[in-house]
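Below, each chain spelled out in residue letters.
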Protein chains: 2
Amino acid sequence: MLQVSRKFEYGLHAVTYLATKGLGRVVTVKEMADEIGFSQEFLSKAMQSLKRAGIAASVQGVKGGYRLGKAIEEVTVADIALAIEGKPHLVRCGVKADRCEIFSSCHHRGYINTLQHKIQALLTATTIHSLLKEIEG
Amino acid sequence: MLQVSRKFEYGLHAVTYLATKGLGRVVTVKEMADEIGFSQEFLSKAMQSLKRAGIAASVQGVKGGYRLGKAIEEVTVADIALAIEGKPHLVRCGVKADRCEIFSSCHHRGYINTLQHKIQALLTATTIHSLLKEIEG
DNA sequence: CTTAATAGGGTTAAAATAGTCCTATTTAAC
DNA sequence: GTTAAATAGGACTATTTTAACCCTATTAAG
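Residues numbered from 1 in each chain as written. Chains lettered and ligands numbered in written order. Predicted model: local features only at pLDDT ≥ 70, side-chain atom pairs only at ≥ 80, totals over all residues. Heavy atoms only, no water.

Novice: I'm lost on helix 1 (residues 6-20) of chain A in this one. Help?
Specialist: For an α-helix, the turn length of 3.6 residues means that residues three or four places apart are oriented alike. Residues and elements named next belong to chain A. In a regular helix each residue adds 1.5 Å, so 15 residues correspond to 21 Å; helix 1 covers 21 Å between its end C-alpha atoms and thus fits that length. Of all the 15 residues making up helix 1, 12 are buried; the element is thus mostly covered by neighbouring parts of the structure. Turning to helix 1, its buried residues are Phe 8, Glu 9, Tyr 10, Gly 11, Leu 12, His 13, Ala 14, Val 15, Thr 16, Tyr 17, Leu 18 and Ala 19. (Helix = DSSP H or I, 4+ residues; strand = E, 2+ residues; numbered from the N terminus. Expected span 1.5 Å × (residues − 1). Buried < 20%, exposed > 50% of the residue type's maximum accessible area, 1.4 Å probe, protein only.)

Novice: Can you walk me through the pairing of strand 2 (residues 65-68) of chain A in this structure?
Specialist: Each regular strand shows side chains that alternate between the opposite faces of the sheet. Residues and elements named next belong to chain A. Bridging between strand 1 (residues 56-59) and strand 2 involves 4 bridges; their strand directions are antiparallel. Residue pairing for strand 2: Val 59 is matched across the bridge by Gly 65. Counted between consecutive antiparallel strands, the loop separating strand 1 from strand 2 contains 5 residues, among which Gly 61 sits at a positive phi close to 80 degrees. (Pairing = 2+ DSSP bridges.)

Novice: It is not clear to me how the nonpolar core should be interpreted in this structure. Could you clarify?
Specialist: Soluble, globular proteins show a tendency: their nonpolar side chains are buried together. Counting residues in each nonpolar core, the largest one holds 78 residues, and the members touching the most others are Met 47 and Ile 80 of chain A together with Met 47 and Ile 80 of chain B. When residues no more than four places from it in sequence are discounted, the contact partners of Ile 80 of chain B are Phe 8, Gly 11, Leu 12, Val 15, Leu 50, Ile 55, Val 75 and Ile 128 of chain B. (Core = buried A, V, L, I, M, F, W, Y, C linked by side-chain atoms within 4.5 Å. Contact = heavy atoms within 4.5 Å.)

Novice: What should I look at first to understand the side chain of Ser 49 of chain A in this one?
Specialist: Structurally, the position occupied by Ser 49 of chain A is in helix 3 (residues 40-52). Given a relative accessible area of 7%, Ser 49 of chain A falls into the buried group.

Novice: In this structure, what is going on with the protein's contact with DNA strand D? I would like to understand it.
Specialist: Neighbouring DNA strand D are 27 residues; Lys 45, Ser 58 and Tyr 66 of chain A together with Arg 6 and Gln 60 of chain B lie closest to it. Backbone sugar and phosphate groups make up 64% of those atoms of DNA strand D lying within 4 Å of the protein. Between a phosphate oxygen of DNA strand D and a main-chain N or O atom of Val 29 of chain A, the distance comes to 3.0 Å. A distance of 3.2 Å separates a base nitrogen of DNA strand D from a polar side-chain atom of Glu 41 of chain B. When residues of the surface near DNA strand D are traced back to their parent elements, those giving at least two are helix 3, strand 1 and strand 2 of chain A together with helix 1 (6-20) and helix 3 (40-52) of chain B. The element contributing the most residues to the surface near DNA strand D is helix 3 of chain A, with 4 residues. (Near = heavy atom within 4 Å. Polar contact = N/O pair within 3.5 Å; in protein donor to acceptor, adjacent residues only side chain to side chain.)

This is the structure:
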């Protein structure tokens, strides 16, 4: 429950790396994987997802690599989650459709949706920058 | 990412049921499973977890069943998550131990922990009662 | 003493996650 | 222009987690 996937962790870590050790240059997946100790191939997939979402930008070819695609102040946890995991689908109404009139299944969908919105709002309000600052400060 | 498990969903739904349709009596797992359309056996496991956590109380034997173990105002989403899924372990530092000096792995653990605390605080602040009220109101 | 319920261990099936492998494309350097 | 180092991405496999099922014990009402 509410555990982040490893791919999300890789992405989060990589963004932090780019924002702290990758300023003014492009960083290869190999460097990040070596430094951090992640699987290069798998981190590569995460970077591709981040690139598609505009969070990272890439340079192809020799001397290529990744840099941030936008200011770190503008990257939220929700952005990274969306880029890597796709739309969060917290709600999975297990109630059979034909029972919907019997019990308050719409209430159910309703309040679990409310919960989802609360979590989503929190993630959207949390930038990577702010997380880094909280640790340092 | 951040998707609730079915068991958690079952538990949440059951607590709501007890709080709305189970007042002043005990409700069997069979009744809840039939009404809501869940697997009886699996819901039973969820109820056992809720009972161990004090969220539900049980009566054994014929005419037995479940009722709420505490006031619905006092049951939070975090309580149900903890009862059913165990301690939330959002953080799973994938960084190899011997790399910890090289990169800011403690920062990493630090800020993902900060994120964890934020989510936990939200779930703890959210009672089932408040969710139900938000929908109705 | 039979029946309807919770309690719970153990096993299996299905789904999601994590990781690997291979190939194509891009581009700097020689 | 050939080579080498990098991203891009499709396809596959292994592992882990989740969901579900089966079976037996225990409890208590009638």
